[in-house]
Amino acid sequence: PRSTLFPYTTLFRSLDNYRKIIGTHTLSIGANYRFTQMVEYNLGSNGDFTFNGTETGDDFADFLIGAPVNYSQGQGYPSYGMTRYFGAYGQDSWRFRSNITFNYGLRWDISRPWSEEHNEIQTLIPGVQSLVYPGAPTGWLFPGDPGVPTTLAPTRYHNFAPRAGMAYS
């Protein structure tokens, strides 16, 4: 694996817009697709010492003589998060008169919540037992458990944004 502490992001994006003038109307349509993956190597910590005075009766004195009561060091695993986005729109700018223009259109967005490539994420749903890891504490669930998608949150497909406006000069 990479020996870095910094995450890096890979982004694939495709988009296009088209505009056509027909008489007093300016029609516009467009779409945008984006795939983002963030790789993060969590290499852990340098360690954590605990001093509580067990050796000398004073925690600072234990620190000065180098007598910790506890030491812990963690090693993290890499995280491979990813998400997708799709958006499309259609709009018309209608020049009703030389001094009045109406704008109206509709935008549709699908923004998939983040997921992890190896499903190494979890969520809490009180009172439900995991079937993926039956020994997990009640309420601690993972992707693959009933009702838990790989994104932990559901993807919303009904994000429509109507737009309307008027310009007067």
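First things first, this report covers the structure right here in the doc. All values reported here derive from a predicted model rather than from experimental measurement.

Parameters and conventions
Residues numbered from 1 in each chain as written. Predicted model: local features only at pLDDT ≥ 70, side-chain atom pairs only at ≥ 80, totals over all residues. Heavy atoms only, no water. Salt bridge = Lys/Arg side-chain N within 4 Å of Asp/Glu carboxyl O. Buried < 20%, exposed > 50% of the residue type's maximum accessible area, 1.4 Å probe, protein only. Helix = DSSP H or I, 4+ residues; strand = E, 2+ residues; numbered from the N terminus. Contact = heavy atoms within 4.5 Å. Phe/Tyr/Trp six-rings, centres within 6.5 Å; stacked < 30°, edge-to-face > 60°.

**Observations concerning the pattern of salt bridges**
In step 1: Applying the stated rule across the entire model yields 1 salt bridge.
In step 2: The closest approach of N and O atoms between Arg 107 and Asp 109, which form a salt bridge, is 3.2 Å.
In step 3: Given a relative accessible area of 19%, Asp 109 falls into the buried group.

**What to know about the environment of Thr 155**
In step 1: Checked against the element boundaries, Thr 155 lands in the loop between strand E9 (140-141) and strand E10 (159-168).
In step 2: On the accessibility criterion, Thr 155 (21% relative accessible area) is partly exposed.
In step 3: Remark: the alpha-carbon pair of Thr 155 and Asn 119, spanning 36 residues in sequence, is separated by 16 Å.
In step 4: Apart from residues lying up to four places away in sequence, Thr 155 is in contact with Ile 110, Arg 112 and Pro 113.

**Notes on the packing of aromatic side chains**
Given two aromatic rings, one states the distance between the centres and the angle between the planes to describe the pair.
In step 1: Summed over all chains, the structure comprises 12 aromatic pairs.
In step 2: Ring plane angle 10° and centroid distance 6.0 Å describe the contact between Trp 108 and Phe 160, whose orientation is recorded as stacked. Taken together, the residues span a long stretch of sequence, with Trp 108 in strand E6 (residues 100-111) and Phe 160 in strand E10 at a distance of 52 residues.
In step 3: Residue class for Trp 108 comes out partly exposed when judged on its relative accessible area of 29%.
In step 4: Relative accessible area serves as the criterion here: at 48%, Phe 160 is assigned to the partly exposed category.

That is the geometry; function is a separate question.
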